[in-house]
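Residue-level structural notes
The chain contents come next:
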Amino acid sequence: MKLKRSITAVAIILVLFLTACGSNVNQQAAAGTELDTVKIASWSQPISEQTNLLVSEEKDFFKNEDLDVEFIPGAGGGDAIKNILSGKADIAFTDPGSLYFALNQGEKLKVIYNIYPQNVFNVVSLKESNITKPEDLKGKKIGVYSLSSGTRQNLLVLLNQAGLSEKDVTIVETGLLNFAPLMQGQVDATAATDTGLVTAAEKGLADVNVLEVKDYLNIPSDIFVVTEKTYNEKKDMLKKFIKAYQTSAEWMLSQPEEAAALAVKHAIDGKDEKHNLEIIKLRNEASISEAASERGLGALEVDVLQQGADIYHELGLIDKELPMSEFIVEDFTK
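My aim in this report is to walk through the structure given alongside it, one point at a time. Treat the numbers as computed from the prediction; the structure is a model and nothing was measured.

Notes on a negative patch on the surface
Residues E202, D272, E273 and E278 make up a contiguous surface patch of negative charge. Mapped onto the fold, E273 is located in helix α11 (residues 273-286). Residue classification places E273 among the partly exposed positions, given a relative accessible area of 41%.

Right, dumping it as structure tokens:
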């Protein structure tokens, strides 16, 4: 009887052991398949201002939503959109100008999130040039990164607000190091971004006047865009991604120092923690708006994006009138 009981006990223990092992295996298998990879096509290489997207090793913002983020670098907002159109990515981290150009060509796209509702572009000049308002740019030489860049597009927007056009100025392609020609007197002003100005100031640029484009037309700097097909077929994934992204953005808003430290490891421009912090603070400011305060981070403003599209059409940058309400969805930010 004792032997029988012992055999029975051993059998029970063995069954429980095997069941536990089987359960463990199942859980591990599930853990390996639960994470849904979402591919983000960026306009840039991984840079410090995007740290909240890059820290999956240390933070569980996306893992908590059963997502794994794959960052696909690019060289401009147009690149990001090409990557979603080709199916290489799910979501484009891009700018309104690139969106307008793609829609103008008939591409079927949806805007799902307003990353930076504040326009971060500017036009910088030395104080001695006495350029204090857009009208003062008339007849001046102005540097831009390239003729296809956001610096040129936003310069044209700024000129338009002053009743001027490209014909009223001389635009000079300076490349990414556009502050050197300004400091050397080769141009009277240069179109740039707030982060570019920070970098230039660290390298010795001082005593400047800054015309911020947002003071004249506050078109968002960056947005998340998907194809109509992705929107229709992957709504659950998109909903989870936006929820996770909002959480990551809130973390960077509340913990900029921690983000700056992590950027040293993850961002190609992140070697200097102090510099990272300055950049991250600027992007934190750019992510806040009245709409975001009322409806949450990422809240979209149809009228602002429409105004931008109308001006791009007026400037001849696009040849179609775009009804932006047809391309903007607020399913994920409510």
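A closer look at the sheet that holds strand β7 (residues 170-173)
Ordered by their spatial adjacency, five strands build an open sheet running β7-β6-β8-β5-β9, and the pairing between neighbours is mixed. Looking along the sheet, the strands with just one partner apiece sit at the ends: β7 and β9 (208-212). The average angle at which neighbouring strand axes cross in this sheet is 30°, direction not considered. Taken together, the five bridges between strand β5 (residues 121-126) and β9 define a ladder with antiparallel strand orientation. Note on β9: the bridge partner recorded for N122 is E212. Contacts from helix α5 (residues 150-161) reach β5, β6 (141-144), β7, β8 (189-193) and β9, with the element oriented near 80° to β5. Across the sheet, helix α7 (residues 194-202) lies against β5, β8 and β9, angled at about 115° from β8, the strand it touches most.

Notes on helix α10 (residues 256-266)
Among the residues of α10, those classed as buried are P256, A259, A260, L262, A263 and H266. Buried positions along α10 lie against α2 (51-54), α9 (235-254) and α11.

Describing the packing of α10 against α11
Remark: α10 packs on α11, axes separated minimally by 8 Å, with the N-to-C direction vectors making an angle of 125°. Classified by the angle their axes make, α10 and α11 are oblique. Where α10 crosses over α11, the handedness of that crossing is right-handed. Contact with α10, carried on its side by P256, E257, A259, A260, A261, A263 and V264, involves E273, N276, L277, I280 and N284 of α11 and no other residues of that element. Taken together, the residues that form the contact of α10 with α11 break down as eight nonpolar, two polar and two charged.

Focus: empty space enclosed by the protein
This structure, assessed with the given rule, holds one cavity of 30 Å³ or more. In this structure, the largest cavity occupies an estimated 110 Å³ of space. Every residue lining the largest cavity is counted, 13 residues in all, and those nearest its centre are I115, Y116, Y245, A249 and S287. The dominant element in the lining of the largest cavity, judged by the number of residues it contributes, is strand β4 (residues 109-116), at four residues. Across the lining of the largest cavity, the residue classes break down as seven nonpolar, five polar and one charged.

Considerations on the pattern of salt bridges
Overall, the coordinates contain 12 salt bridges when judged by the stated rule. Among the salt bridges present, the one from D90 reaches K234, with a minimum N-O distance of 2.9 Å. Highlighted residues: D90 in the loop between α3 (77-85) and β3 (91-94) and K234 in the loop between α8 (228-233) and α9, separated in sequence by 144 residues. By relative accessible area, which is 8% here, D90 ends up buried. In this structure, D236 and K240 form a salt bridge, with 3.9 Å as the shortest nitrogen-oxygen distance. Of this pair, D236 and K240 both sit in helix α9, four residues apart, which is roughly one turn of the helix. With relative accessibility at 54%, the residue D236 sits in the exposed group. Three or more residues joined by partner-sharing salt bridges are found here, namely E49, D194 and R283.

Cut-offs applied
Residues numbered from 1 in each chain as written. Predicted model: local features only at pLDDT ≥ 70, side-chain atom pairs only at ≥ 80, totals over all residues. Heavy atoms only, no water. Patch = residues over 30% accessible without salt bridge, like charges linked within 9 Å, V, L, I, M, F, W, Y side chains within 5 Å. Areas by Shrake-Rupley, 256 points an atom, 1.4 Å probe, with all protein chains shown as cover. Salt bridge = Lys/Arg side-chain N within 4 Å of Asp/Glu carboxyl O. Lys, Arg positive; Asp, Glu negative; His and termini not counted. Charge placed at Lys NZ, Arg CZ, Asp CG, Glu CD. Helix = DSSP H or I, 4+ residues; strand = E, 2+ residues; numbered from the N terminus. Buried < 20%, exposed > 50% of the residue type's maximum accessible area, 1.4 Å probe, protein only. Pairing = 2+ DSSP bridges. Axes fitted to C-alpha atoms, helices over the stretch in contact; angles between N-to-C directions. Contact = heavy atoms within 4.5 Å. Parallel < 35°, antiparallel > 145°, perpendicular 65-115°, else oblique. Left-handed = near helix turned anticlockwise from the far one by under 90°. Nonpolar A, V, L, I, M, F, W, Y, C, P; charged D, E, K, R; others polar. 1 Å grid on protein atoms, 1.4 Å probe; cavity = no way out; pocket = protein on both sides within 12 Å on 5 of 7 lines; lining within 4 Å. Points joined across faces, edges and corners; volume = space filled by probe spheres on them.

Everything listed here is a matter of coordinates, which is why it stays silent on function.
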